[in-house]
Structure formats: structure tokens, C-alpha cells
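# Examining the three-dimensional arrangement
As a plain string of letters, each chain reads:
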Amino acid sequence: MTETATLTDDRARQLLAWLGAGLLAGGMPTHEVEEDVRQAARSLGSARAQVAALPRGIHVALAPGGPATFEQVEGSVRLDQLADVSAVLAGLRAGRLPAEEALDRLGALRARPHRYAVPGLLAGGVLSGVGIALVLAPAGPSVAFAALLAPLTVALMLLGGHRTVATLTPFLAAFGVALAAFAAAAAGWVDAPLWTLVAPIAVILPGATIVTGLVELAAGSMVAGTSRLAHGTVQLLLFALGVGAAVALLRTPVGLLDPERPVELDWWAPLLGVVVVTVAISLMESVSVSLVPWLLVTAVATYLAQLVGNTTAEGRWAGAFLGALVAILVASLVEFVRPELPRSVVFLPSFWLLVPGSFGLVTVAQLEVGPGAAFASFVGVTLVVAAIALGVVLGASLASPLRGAARRMGLVHLLRRVRRRRD
């Protein structure tokens, strides 16, 4: 038993429940959260702790048949806050963080202010639209459209504290952006409005939710995986309804629903988009400047792997698989080099580049063209999402030894620092 085991049972359960809720709010799969909380419990002297996590809450008991504590997940947390939760977890694992201090840090997590405040969030939203447009629809008009319409998405995100607005955000965002996109296309200002309208709303598409649900199902977390998949699917349908409402209101001709991607800019555009998206993520998620290069390394590696896969005979699903596999392996390698930087913080932004939600929205919106076209596209996007999930599962399995080594390295580095301070 380490120095952290100084809490009463009630406080220990509260600490573990807060820890798990913080990881869940950061978008971590439930089976990984359960394992991380059990490891923290062992550090607190509870080797037989019982943990059951769902996307919206977690139950913790220190022993079979003992009292349990439930903690509800209240919304999401930013990447900088997820990094703090991961740091607390690492401190508890290593036995270097007093339990009361861990409780204090987790209790103050939500109150931590955004590093860049509203101006940073607005700038990040605009840059995210521009960056995703450079990757998905590399054409000058599409990029300009994304820059102009992205503030609408940011405004809805800022108003998301109201339950009604939060529920309607997918529909409202898609409806507003689709109106502008189809009107601009009718005037001849932009091509391929289906792809053009995706970039300004890409940051709130449920691609990560859908893939995480598949990963949880593959890991045996059936309830969590099914509920997350259902939630992501309903969100995607709300986006599609917004697009459909805009099509109906404007009486958009079928010819403007062509799913062909606009490609006008050269090979450099997607690479520039990767850099812009990384900066956007850092601004929106309050990531410190010192961590940006590590996010960029993972993002570039993910994009290049996806690009290589897309050039094979298998096409897009192979690119999705390789991109996800490389993303999680590189994130684990970064954690090995920088043990204080959690793999999850580096890996999660890569979902913005794999963009399964973007493909899904374009696919569902094709229902306006006809069931035949939509069904063919649906099969394709299903393969893409499944390939990403498979890449994540395989990458996590391959990276497991690397993660263990990273944790040991982090403990070794910490011991060295302590010795230097004593000397």
C-alpha cells in the first residue's frame, strides 16, 4: 500500500468515481476507463475493486458486495482537462500523488478556464473549417465558404449549455450551412455543395462517437457500444434532416447533389490542411503550445498513412484502416518519448482527419438523390467506419507493450528528478 492510501472508503470511492468520470468525459472507451480505474484502485490498496462504466456514468465499489458510488458524466471536457485527469491517474499509479491532492485537482477540473477563451475558440472554429476543407474539398471556393460559415457552428457550440439548443444543434447547424451551400451552388459560386457544406460543421459530426462505439462492441462492452452507436447514428440523422430541409426549402435540383469531391488545389493543400487542423484543435481544446508539435506529428503520420492506403486497390477503407492503425501507434510512441503526455490526448484529434462522420453525412444526404445511390454509399461508409475501428483495436493491441514501457519510463524519470532535488 502506497502513501496515497490515506482516504476513508467513501473518499476513496469518490476519488475513483471522479477519475473515471473525467476519462469518460474525455471520450475514452468504457473498457479502457474501467481498467484505468481498477489500476488506480490497486494503488489505493483496493485490489478487488468493482468498476462498471457507461458513457454517461460510472459505478465504483472497493470490494465485491461493498458500498458503491455512482458518478454521472456532466458533458465533455477539453483535451487540456483530459490531460490533467491522465496526469492524476499516472500519479496515483506511480504512488507519487497524495490522494487528497488528487481529489482537489479533480474537483477543480471543470472550473479550469479555457487557455485561449472565446477568441481562441472562434479562431479555432474558423481554422478547423478551413483545414477540413483543404483536406476534404481542396478548392478555393470551398475553403472560402468554410471560413465564412464556421462561426455559425462556433456560435451554436457556445450556446450548447442550453438543453434545447444542444439537442437541436446538429439540425440547426446542418440546415443553416446547407442553405448557404446550395444557394451558393445555384449561383455558381461553389461546386459540389454536399462536400462543401461538411467542412464548417465537421467539428461537431459524430464520427468519433460512432467509431468508439464499434471499438467498445469489439472489446465486449455491449451496452456502452450499442448506446454510443445509437446516439451517433441519431446525431447523424439529425444532420441529414437539416440538409434535407434545406434541399426541400430551396427546391434544390438533383444535379447539385452530386457527391463528387471538388479538387482544384494541388497536392500541398491537404498537407497544409493537416497543419491548420492541428492548430485549430489546439485553440479549441485549450492545448498548450508546447504540445502542439506532438499533435502535429501524429496528425501528419495519420494523413500520410491514410493517403497511402487510399492509393491501393482496396481504396478508402484501406486508407481508413492504415490511418487509424498508424495514429494509435504513433500516439503510443509519443507517450513513450514523452511519458507525461497521455496517448489519448495525442490520438483523439486524429479522428478529425479520419472524418468518418463527414463520409456518413454525405452518404445519408444522398437519400435525396435516390435509395440506390444512398445504399451503395452506405455500404462504402460502413466499411470505412469498421476499418477505422479495426485499426484502433489492432493498434491498441500492438501498442500495449509500448504503453507499459512508457509508464515505467515515466516512473524512472520521476525518481531521477526526486533524487536530483534531494541532492
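About the cut-offs
Residues numbered from 1 in each chain as written. Predicted model: local features only at pLDDT ≥ 70, side-chain atom pairs only at ≥ 80, totals over all residues. Heavy atoms only, no water. Helix = DSSP H or I, 4+ residues; strand = E, 2+ residues; numbered from the N terminus. Buried < 20%, exposed > 50% of the residue type's maximum accessible area, 1.4 Å probe, protein only. Contact = heavy atoms within 4.5 Å. Axes fitted to C-alpha atoms, helices over the stretch in contact; angles between N-to-C directions. Left-handed = near helix turned anticlockwise from the far one by under 90°. Nonpolar A, V, L, I, M, F, W, Y, C, P; charged D, E, K, R; others polar. pLDDT = per-residue confidence, 0-100.

Turning to the overall build of the protein chain, a few remarks are in order. The helix and strand inventory of the protein chain stands at 18 helices and three strands. Looking at the protein chain as a whole, 52% of its 423 residues are labelled buried. In the protein chain, once contacts between residues fewer than 6 apart in sequence are set aside, the share between residues at least 24 apart is 74%.

In contact at an axis separation of 7 Å, helix 7 (residues 163–186) and helix 11 (residues 222–250) are set at 35° when each is read in the N-to-C sense. Of the two possible hands of crossing, helix 7 and helix 11 adopt the one that is right-handed. Packed against helix 7, whose contacting residues are Thr167, Pro170, Phe171, Ala174, Phe175, Ala178, Leu179, Phe182 and Ala183, the element helix 11 presents Gln235, Leu238, Phe239, Leu241, Gly242, Val243, Ala245, Ala246, Val247, Leu249 and Leu250 at the interface. A per-class count over the contact of helix 7 with helix 11 returns 17 nonpolar, three polar and no charged.

Turning next to the confidence of the model for the protein chain. Across the protein chain, the average pLDDT comes to 81, with 83% of residues at or above 70. Every residue in residues 1–5 is under pLDDT 50, and counting partners more than four places away or in other chains gives 13 contacts. Every residue in residues 418–423 is under pLDDT 50, and counting partners more than four places away or in other chains gives zero contacts.

We now examine the environment of Leu179. Checked against the element boundaries, Leu179 lands in helix 7. With a relative accessible area of 23%, Leu179 lands in the partly exposed category. Separated by 71 residues in the primary sequence, Leu179 and Leu250 place their C-alpha atoms 7.5 Å from one another. With sequence-adjacent residues up to four places away left out, Leu179 is seen in contact with Ala246, Leu249 and Leu250.

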